[in-house]
Structures are given as structure tokens and as C-alpha cells.
Amino acid sequence: MSHSIPTTGLLTFPTLAIAPAQVMRGVQILQDAGPILARYGQRPLIVGGDRSLEIIRPRLLSVMEQQGLVSAEISYGQDCSEQSLGRMRQAAATHTADFIMGVGGGKALDAAKLLAYQCNLPIVTIPTTAATCAAWTALSNVYTETGAFQYDVGLPHCPNLLLLDYEVIATAPTRTLVAGIGDALAKWYEASVSSGHSQQTLIIAAVQQARVLRDILLQKSVEAIDRPGSTVWQEVVDATVLMAGAIGGMGGAQCRTVAAHAVHNGLTHLSQVHSSLHGEKVAYGILVQLRLEELLQGSQLAVSARQQLIEFYQTIGLPLTLKDLGLGSVSLDALEKAAEVACSPESDIHRLPFAVTPVQLLSAMVSTTATFELNTAAKSFNVKLNSSGNPGELNAPIAEELA
Ligand SMILES: [Zn+2]
């Protein structure tokens, strides 16, 4: 669902917002980014989280000095919320900012993008983790001050400039890359359900790319996590930060999210869940979605997909269960509440090809690791983790079966 934002009225953009106007990537590219940054203005407001601002500050200091840029910083605070956006608009006005730089993870970048739109200023994004594709997309999620998902806002264009510095990404905990892998995997499981039968050229393209993205992640993630900073690690960072964003851009709102993100959105309403990352909740949500397809549709393909993912999650450290998300002792009441939020009328869960009630969702949520009854054909779907093969070729039979 997309809402209008208070300062600007209704947002309906018939434009395609596929990609940032410019993407620069490489190791330690920030130090060379000065002349490009200076083309957007002289007085950037830098929006980030406390950790990100600390990491970026020394790296941008000489760049700012060389170019004579006068910057100010503001932390987005607790969350990308209407309150924090109000505070940031005030800061942008006080600084007479002429462009916005977002540095950080998903929430910081979402806040910076929406702020730039509200202030009608150019936006430069600098991701400090590979946990989401927020540096790329024309979309911001808005939460309450306590982290409960409120709504998302579609923006008229992707960022003006995305600076992907692998040296910066390498400073983030491995867990953030793992979460990014979970979030990026959801592209296939959600887009194939919501848009797998679309006749629209760009949506067909997006769904196919989501499948390729899944294959790349299944093949390269283990090696990437073992060897931070390596070429294969950079390829997986590109997959979670850039390719996932490109798929979202090409597919547009129609092929974004289904049950995996709806489950995530429901879980954000539980106070106990805020120690887990977006991509971790989404990864768990994929298993819930597959379990729903299994329980309510009798889908054998969902059974094999779930088994494949469970093995993969165990290898790289993504959560399989509510307990893994830190919700092992949460009350039934609380879980019911999360399930109700996930099934609210405007929720993307209703893009599933069958109706889902909160009770059915709850039973899927507590049985993500239920034992499999696999037929022989299903067993042959197992992906061999192999970093050297061509993803398309290696997984073609699986892809066909799951399509
Ligand atoms: Zn996501």
C-alpha cells in the first residue's frame, strides 16, 4: 500500500523509477567522489544513524574540505517516522541544505530519500551495510517511533547518485549481509507469486531476474560470508544492494511483496522483535509463505522450496523459527496480534492466489520447520552449492519446476 505524505499531497507517479541516475562502486571510492558530490550542491545535510555517521565522517572530511562543501549532520533517531521526518525537515531548512546525503542501513536511507523528496532536493545514498536495497529504490517505509510498520511511500525517482564503497560495507557485521541475502531472496518467492503470470514485458523481466538473483545467492553466499572483501563477497553485495533494487525498480509496485513482507510487517508490531533485522524477519516470512502455499494450496513445490531454504538458512545463519527471531516465549495474544496486522485488508498478503485468515497464518507461523513428506522428484530439487557454475544453467531444472 502507498500513502500520501503530509506535506505534499497525493503521490501517483505514472513514471518508471527503475534505477539511480548514477551508480559509483569500488573500494575506497568515497575519497574520489568530491567533484561528483559538488555537482549536486554546496550545503549537504547528511542523514544517518549514529554508527553510520561515525564511520562516514572521517571518510568524507577531506572530500568536503577539498570541494569547499559545508555539511551538517542529523541522526534519523529512533526510526524513519513522521516525527523524525519533521525534525529532519527543520534541520534541512536551518542548514539551508541544497542536497541530502543518506548514509546507513535501510531506515536511514528511507528517511533520507523521503526527506529529500519532501524538500524537493537531490538525494545521494551511501549504504553502510548490504542488508537491504534501500540505497537503490524509489520507496520509503515509514514506521512509528517504536518501530511498528506504518506504510510505504512510492517516490517519483530513484536516488540521483548511489555511492557503493565496498570498504565501508566491509566494516558492517556479517549478520547484516546475511540479512540482506534473506531480503533479496524474497524477491523471487514474492514476485513469482504476485506476478508470475503477468503479460507485461518489464514485469516478466523482473520476475526472471528475481530467479537469477536467487540462484546467485544460493550459489555464492556461503563463500562470500567466509571471505569478506573478496571478489565473490563483492558479487553478493552487488546482488543484495544493486540487483535486488533493480528488480524492484523494473517490476514496480506490482511485483514487490506478498506474504513474506506482510509477515515482517506484522512482526514489527511486537516489541520483542526489534533485536532482529528486516531481512531476518523477511527470510522467516518466506518460510511462512511457503508453508501457507503448502497448507492451503497443497503445493508440493512449496514443500521442496521450503526444504531447500531451510538447509540454506542453517548454513548461512538465517532464522527458521519464531524462536530464532527471539520470539520463543512470546504470548499467543501477541502472535495473534501480529497475524491480524499481517492479514489487515490492505496487506500484501492478499496477493496470494488464495484467501488467508489470521488463524491460518498463525498455524503457518508456528510450523515453518514442520517435517517434510517429500516425493522422489522433490528430492532432486536440492541445489548443489557451487560457486563456479553458471547460475542459470546449474539451476535451470529447479527454476522450471518452481516457476
Ligand atoms: Zn525487504
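Below is a summary of the structure that appears in this document. Keep in mind that what you see is a predicted model, and the values were worked out from it rather than measured.

**A few points about the overall build of the protein**
1) Next: When helices and strands are counted, the protein shows 16 helices and eight strands.
2) Next: Split into buried and exposed, the 403 residues of the protein put 49% on the buried side.
3) Next: For the protein, long-range pairs separated by at least 24 residues make up 77% of all intrachain contacts whose partners lie at least 6 apart in sequence.

**Re the pairing of strand S5 (residues 123-127)**
1) Next: Across the five residues of S5, five count as buried, placing the element largely inside the fold.
2) Next: Along S5, one buried face is formed by Ile123, Thr125 and Pro127 and the opposite face, lined by Val124 and Ile126, is buried too.
3) Next: Note on the crossover from strand S4 (residues 99-104) through helix H4 (residues 106-119) to S5: the handedness is right-handed.
4) Next: Pairing between S5 and strand S8 (residues 161-165): two bridges, direction parallel. For Val124, the partnering residue across the bridge sits in S8 and is Leu161.

**With respect to the pairing of strand S7 (residues 149-154)**
1) Next: Note that strand S6 (residues 139-143) and S7 share five bridges and pair antiparallel. For Asn141, the partnering residue across the bridge sits in S7 and is Asp152.
2) Next: Taking the residues that link successive antiparallel strands as the turn, the S6-S7 hairpin has five residues, and the phi of Gly147 there is positive, at about 90°.

**Structural notes on the sheet that holds S5**
1) Next: Ordered by their spatial adjacency, six strands build an open sheet running S1-S8-S5-S4-S2-S3, and the pairing between neighbours is parallel. One side of each edge strand has no neighbouring strand; the edge strands of this open sheet are strand S1 (22-26) and strand S3 (72-75). Averaged over all pairs of adjacent strands, the angle between their axes in this sheet comes to 20°, without regard to strand direction.
2) Next: In terms of strand pairing, S1 meets S8 through five bridges, oriented parallel. Bridging from a neighbouring strand, Val23 pairs with Leu162 of S8.
3) Next: Taken strand by strand, H4 contacts strand S2 (44-48), S4 and S5, and its axis lies near 170° from that of S4.

**What about the nonpolar core?**
1) Next: Judged by nonpolar contacts, the single largest core of 123 residues is most densely connected at Val47, Ile100, Ala111, Leu115, Leu213 and Ile286.
2) Next: Counting the residues that make up this core, at least three belong to each of domain 1 (22-169) and domain 2 (174-384 + 394-402).
3) Next: Apart from the residues lying within four places of it in its own chain, the contact partners of Leu213 are Ala184, Lys187, Trp188, Ala239, Met243, Ala244 and Ile247.

**Some thoughts on helix H6 (residues 174-195)**
1) Next: In this model H6 runs 32 Å from its N-terminal to its C-terminal C-alpha over 22 residues, within 8% of the 32 Å that 1.5 Å per residue would give.
2) Next: Taking burial as the measure, the 22 residues of H6 include 20 buried ones, the bulk of the element.

**Some thoughts on the packing of helix H9 (residues 259-267) against helix H10 (residues 278-297)**
1) Next: Interaxial distance between H9 and H10 falls to 7 Å at its minimum, and their mutual angle equals 125°. Classified by the interaxial angle, the pair formed by H9 and H10 is oblique. Crossing of H9 over H10 shows right-handed handedness. Here Ala259, Ala260, His261, Val263, His264 and Leu267 of H9 come into contact with H10, specifically with His278, Lys281, Val282, Gly285, Ile286, Val288, Gln289 and Leu292.

Criteria and cut-off values
Residues numbered from 1 in each chain as written. Predicted model: local features only at pLDDT ≥ 70, side-chain atom pairs only at ≥ 80, totals over all residues. Helix = DSSP H or I, 4+ residues; strand = E, 2+ residues; numbered from the N terminus. Buried ≥ 20, exposed ≤ 12 C-beta atoms within 10 Å, placed from the backbone. Contact = placed C-beta atoms within 7 Å. Right-handed = clockwise from strand over helix to strand, strands pointing away. Pairing = 2+ DSSP bridges. Axes fitted to C-alpha atoms, helices over the stretch in contact; angles between N-to-C directions. Core = buried A, V, L, I, M, F, W, Y, C linked by C-beta atoms within 7 Å. Domains from an automatic or database assignment. Expected span 1.5 Å × (residues − 1). Parallel < 35°, antiparallel > 145°, perpendicular 65-115°, else oblique. Left-handed = near helix turned anticlockwise from the far one by under 90°.

Purely geometric numbers; function is a separate question.
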